[in-house]
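Structural overview for review
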Amino acid sequence: MRLDRFLSACGLFSRREADAAVRTGRIAVNGEPVRSAALHIDPDRDAVTLDGLPILYRRFLYILLNKPAGYISATEDGRFPCVTELLPPDMQKRGLFPCGRLDRDTVGLMLLTDDGALAHRLLSPKHHVEKVYAFSCTPALPPSAEAEILAGMPLGDEICKPAALLCTPDRCGGQITLTEGKYHQIKRMIAALGSRVTALERIAFAGIRLDADLPRGAFRPCSDQEIERLRAADIEKGEIPWTSCKHSPRS
Ligand code: URA
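Quantities reported herein were computed from a predicted structural model and do not represent experimental measurements. (Residues numbered from 1 in each chain as written. Predicted model: local features only at pLDDT ≥ 70, side-chain atom pairs only at ≥ 80, totals over all residues. Heavy atoms only, no water.)

With respect to the packing of aromatic side chains
- Applying the stated criterion to the full structure yields zero aromatic pairs.
- In this structure, arginine 104 is placed above the aromatic ring of phenylalanine 80, and the distance from its NZ or CZ to the ring centre is 3.6 Å. (Phe/Tyr/Trp six-rings, centres within 6.5 Å; stacked < 30°, edge-to-face > 60°. Lys NZ or Arg CZ within 6 Å of the ring centre and 35° of its normal.)

Following this line, the structure appears as structure tokens:
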């Protein structure tokens, strides 16, 4: 694999940035600084370093993207641009897909990965993965809003799981923490409270927070600690495997 492709597929750089990193001597292969991004390496055998620190070729990629408005949470769409188009082509070729959906006009934290099993677990309703949204709305929310959301709001034929609402002092916005993801859930919950969402941003997912300095449309790889968090978020709350066992252990 070409070195620039390797660096880009690892989620560290675009191909152009990878080229610049190589030209400025930041990349070494097996201890030797390299000067050509076209060098061929074997990701399983060669030791590649950036500024002296090892770069691991990961089996799976976990990318945190700051989704801008106007993009669809999908890999293909006939009408609108997709969030995956914000990634460099090498990363797109790895088959990354968005873990969950945000509406086209919703902005903020979107996890993209090629780890299908983990994405499936993070999105399964059996798991209680927290998603935190900041929103603005008009008119102001009624005094009963916190209690209604905490009790589990009826939406059509369904009842939402209990969620947490923290209002701004003017009650024209705040933060909502959900542990599920129904269609247009926040917009519908706010509408059921007699108001209308005017802006919506996801600011945290599974304990990972959106960086304040990551521009809209930009992305970064998740840190090792964040990947651990994602894996830990995949635990069913309140259900330790052996307590759900249908059979008594043999004595
Ligand atoms: N709730 C919504 O209404 N829209 C989103 O994009 C996410 C949560």
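Quick look at the sheet that holds strand E4 (residues 53-55)
- As summarised here, the arrangement of the four strands in space is E2-E1-E3-E4, forming an open sheet in which the pairing is antiparallel. Each having just a single partner strand, strand E2 (32-33) and E4 make up the two edges of the open sheet.
- Relative to E4, strand E3 (residues 48-50) runs antiparallel, the two being bridged by three bridges. Paired with threonine 49 across the bridge in E4 is proline 54. (Pairing = 2+ DSSP bridges. Helix = DSSP H or I, 4+ residues; strand = E, 2+ residues; numbered from the N terminus.)

Considerations on the pattern of salt bridges
- For the structure on display, the rule yields 15 salt bridges.
- Between arginine 26 and aspartate 51 there is a salt bridge, and its shortest N-O distance comes to 2.7 Å. Placement of the pair is arginine 26 in the loop between helix H2 (15-23) and strand E1 (27-29) and aspartate 51 in the loop between E3 and E4, with a sequence separation of 25 residues.
- Of the residues examined, arginine 26 reaches a relative accessible area of 34% and is grouped as partly exposed.
- Relative accessible area serves as the criterion here: at 48%, aspartate 51 is assigned to the partly exposed category. (Salt bridge = Lys/Arg side-chain N within 4 Å of Asp/Glu carboxyl O. Buried < 20%, exposed > 50% of the residue type's maximum accessible area, 1.4 Å probe, protein only.)

Regarding the site of the ligand
- What surrounds the ligand is the set Leu102, Asp103, Thr106, Tyr133, His184, Gln185, Ile186, Lys187 and Leu200.
- Within the contact set of the ligand, an oxygen atom lies 2.7 Å away from a backbone nitrogen or oxygen of aspartate 103.
- At 3.1 Å, a backbone N or O of lysine 187 approaches an oxygen atom of the ligand.
- Protein contacts shield 95% of the accessible area of the ligand, which totals 240 Å² for the unbound molecule.
- Across the shell around the ligand, the residue classes break down as four nonpolar, three polar and two charged. (Near = heavy atom within 4 Å. Polar contact = N/O pair within 3.5 Å; in protein donor to acceptor, adjacent residues only side chain to side chain. Areas by Shrake-Rupley, 256 points an atom, 1.4 Å probe, with all protein chains shown as cover. Nonpolar A, V, L, I, M, F, W, Y, C, P; charged D, E, K, R; others polar.)

In short, shape yes, function no, at least from these values alone.
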